[in-house]
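# Working through the structure, step by step
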Amino acid sequence: MQSDGKILTISSVGSPSDIRISRFTDTGVPDNTFGTNGVKVIDLAGSFDHANDLLVLGDDSILVAGNTRITTGSEFALLKLEPDGDLDPLFGGGDGWIATPVGYDFWGYGYSVDVQTDGKIVVGGEADGNNTGTTDNDFAVARYNANGTIDTTFGFDDPLNVDPAVKIGWTTQSLEPNPNEKIVAVWAMNDGTILAAGGTQTGLDPHFALARFLSTGFIDTSFATNGHTTVPAISNYADLPKDAVMQADGKVVIVGETLWDSGLSGRSDNDFGIARLNTDGSMDSTFAGDGTLAVDFNLAYDFGNGVAIDECGRAVVVGSTGDGIVAGTALDQFAIARISPDGTLDTTFGGDGKFTQSVGSVDDSLGSVAIQPSDNKIVASGISFHSSITQAGKPVVERLAGGGVCTQPVPQAPPADAAPPVEAAARIATPRHNRVHRAYRLLKVNGAATGENISEVQIALRQEVGGRCVWLKSSTGKQRRTRRRGSCSKSTWLKANGTTDWSYEFRRKLRRGSYRLYARVKLADGTVTDKFISGENSIRFTVR
């Protein structure tokens, strides 16, 4: 929902499919100021374009995450729209979107999007995590700069080993030694870590899972057990995640479907499956006793597809319930459950905590839900089939009365952590990576430094000559070469002019050859930085 109460929905249309984004006014009619008659259809120049998640930013611009097939396989897709529905021409490659081949065999699907405090964009989903030619989809995360370009400070090293210092902007992580893992929701945390909820597989049985990644893209092994939690079986057999939400107190609620194994329980149907985990990744025993809950609508097949938390801390889960397909006709209907913070069904909703509704004459299913902040009304979107499940379904948006007295303590947000200190670092603006300079010209370099208590910026220049390191040293305003054989330790540093914005001019003209320029900061207590990142404070260039 946007700040003025207008409602946005995403879906696919056509064959091969394109992305469809619809906007409705707060009264439920199409908003004609958005796209064409309230609908924006986007073709990403490939076949089979899908939108899987939508995020409204503070200025009412819109991020959409999904996937597209440009040639073969499937790639992460990230779009940015302006508030009126036009693609942002300053985003991506200038056309408002970017497609990213994620995974080794490039079968990647983006399911969730969030934004860091520094404006960088995180997309979570699934992708092939091995390079063996077999399908083995794992948790996958890609990170983009605010302008829609891939963030090359994030993720794995270059898998082709062209340059070990080059990052590729994405990472995959196998939680368990089995295939079929994916992220359904991702959150960029204030401390720079990335929390991801989804599913994994132990043996033949799928389960809910929660994992945490470091800001570099690698799994955070200090979280839970080796970086992740696998949720115990909610019923007796298998649990398939569909959506997740983070409460105000940082706890995570994962929803989907839980399957009963007839061989173990005498039941073979599906129920809504719900699990809640603490901020450290452990199961929340204050929720339904063990952190998990199955909700049965008394029909054979119950599917939980979306979840939101209202202002009373209650989880609203939407999906469908039905008896299955009979003679080629599905008999599903909308299904909604509301769960109190303690994990019990909220009997002030529908009399028993559950609500069902038929809209079409054949098949109905809700896929996502949001809560109006002013009155706790429930806004749900889905699809309805009125003639046959083989015909195109019609998008549906409905609003239900929410409200109700908050009978239990509402989860509160934890005290805000102090903002992490800005890491002291000096970044080089010129010369750019691999830039070629003419010989016997004075070299001028400049950049910027971040952090506190910086006393000076220092730079060092190294020339590679016959396998040796030749460092340029300042002496009475000029540079003289200092040769070091063997280790190439940096012992020669030159003081730049300025700190926040710094510059330096090499007064000696450089000879032809390959050079690497380093920049570091010296703090007031005498300590200096010693971490050099290619393309930021360590740049290679050539003089010819």
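Provided above is the structure to which this section pertains.
Each chain carries its own residue numbering, running from 1 in the written order of its sequence. pLDDT decides what is reported in this predicted model: residues at 70 or higher carry local features, side-chain atom pairs at 80 or more are listed and counted, and totals for whole chains, interfaces and linings draw on all residues regardless. Side-chain measures here rest on the full set of heavy atoms in the structure, leaving out hydrogens and waters.

Time to look at the side chain of Asn137. For helices the rule is a DSSP run of H or I covering at least 4 residues; for strands it is a run of E covering at least 2, with both sets numbered from the N terminus onward. Its place among the elements puts Asn137 in strand E10 (residues 137-144). Asn137 sits in the buried class, given a relative accessible area of 9%. At 3.3 Å, the side chain of Asn137 and the backbone nitrogen of Asp128 are in polar contact. Any pair of residues with heavy atoms lying within 4.5 Å of one another is described as a contacting pair. Contact partners of Asn137, with chain neighbours within four places excluded, come to Trp107, Tyr109, Glu126, Ala127, Asp128, Pro179, Asn180 and Glu181. When accessible area is computed with a 1.4 Å probe and restricted to protein chains, residues below 20% of their type maximum are described as buried, those above 50% as exposed, and intermediate ones as partly exposed. Contacts described as polar in this section are N or O atom pairs within 3.5 Å, which, within protein, must combine one atom able to donate a hydrogen with one able to accept it, while residues neighboring in sequence count only if both atoms come from side chains.

Another point: the pattern of salt bridges. Any carboxyl oxygen of Asp or Glu that lies within 4 Å of a side-chain nitrogen of Lys or Arg is treated as forming a salt bridge with it. The tally for this structure, following the rule as stated, stands at 16 salt bridges. A salt bridge links Arg276 to Asp284, with the shortest nitrogen-to-oxygen separation between them at 2.7 Å. Neither Arg276 nor Asp284 differs from the other in exposure class; each is buried. The residue Glu505 makes a salt bridge to Lys444 at a minimum N-O spacing of 3.8 Å. With a gap of 61 residues between them, Glu505 in strand E34 (residues 501-506) and Lys444 in strand E29 (residues 443-450) connect regions that are remote in the sequence. With relative accessibility at 56%, the residue Lys444 sits in the exposed group. Connected through salt bridges with shared partners, the residues Asp4, Lys6, Arg23 and Asp31 form a single ionic network.

On to the sheet that holds strand E26 (residues 394-400). A sheet is described by the order of its strands in space; here three strands give the open sequence E24-E25-E26, paired in antiparallel fashion. Each edge of the open sheet is held by one strand with a lone partner, namely strand E24 (363-371) and E26. For this sheet the average axis-to-axis angle between neighbouring strands, irrespective of direction, equals 25 degrees. In this analysis, strands are considered paired if DSSP registers two or more bridges between them. Judged from the eight bridges that link them, E24 and strand E25 (residues 378-385) form a sheet pairing that is antiparallel. Across the sheet, Ser365 pairs through a bridge with Ile383, a residue of E25. Fitted lines through C-alpha atoms give the axes, limited to the stretch in contact for helices. The angle between two N-to-C directions lies from 0 to 180 degrees.

Quick look at empty space enclosed by the protein now. Grid points spaced at 1 Å and placed over the protein atoms alone form the basis of the search, with a cavity being a set where a 1.4 Å probe fits but cannot get out and a pocket an open set showing protein on both sides within 12 Å along at least five of seven lines. Lining residues have an atom within 4 Å of a point. Grid points are joined across faces, edges and corners, and a volume is the space filled by probe spheres set on the points. For the structure shown, the criterion picks out one cavity of 30 Å³ or more. Residue lining of the largest cavity: Cys312, Arg314, Ser340, Pro341, Asp346, Val405, Cys406, Thr407 and Gln408, and that is the complete set.

Another aspect to go through is the nonpolar core. Ranked by internal contacts, the top residues of the largest apolar core, which has 23 residues, are Val445, Ile459, Trp502, Phe506, Leu517 and Phe541. For this core, the secondary structure elements donating two or more residues are strand E27 (425-430), E29, strand E30 (454-465), E34, strand E35 (513-523) and strand E36 (538-543). The contacts of Ile459, once residues within four sequence positions are left out, are Val445, Thr492, Trp493, Leu494, Trp502, Tyr504, Phe506, Leu517, Tyr518 and Ala519. Among the buried residues, those of types Ala, Val, Leu, Ile, Met, Phe, Trp, Tyr and Cys that are joined through side-chain atoms within 4.5 Å form a nonpolar core. Formed by 16 residues, the second largest nonpolar core is a distinct cluster that contains Phe76, Ile98, Ala142 and Ile168.

Taken in spatial order, the four strands line up as E12-E13-E14-E15 in an open sheet, and their pairing is antiparallel. The open sheet has two edge strands, strand E12 (182-188) and strand E15 (228-230), and neither has a second partner. Across this sheet, the average inter-strand angle for adjacent strands is 20 degrees, counted without regard to direction.

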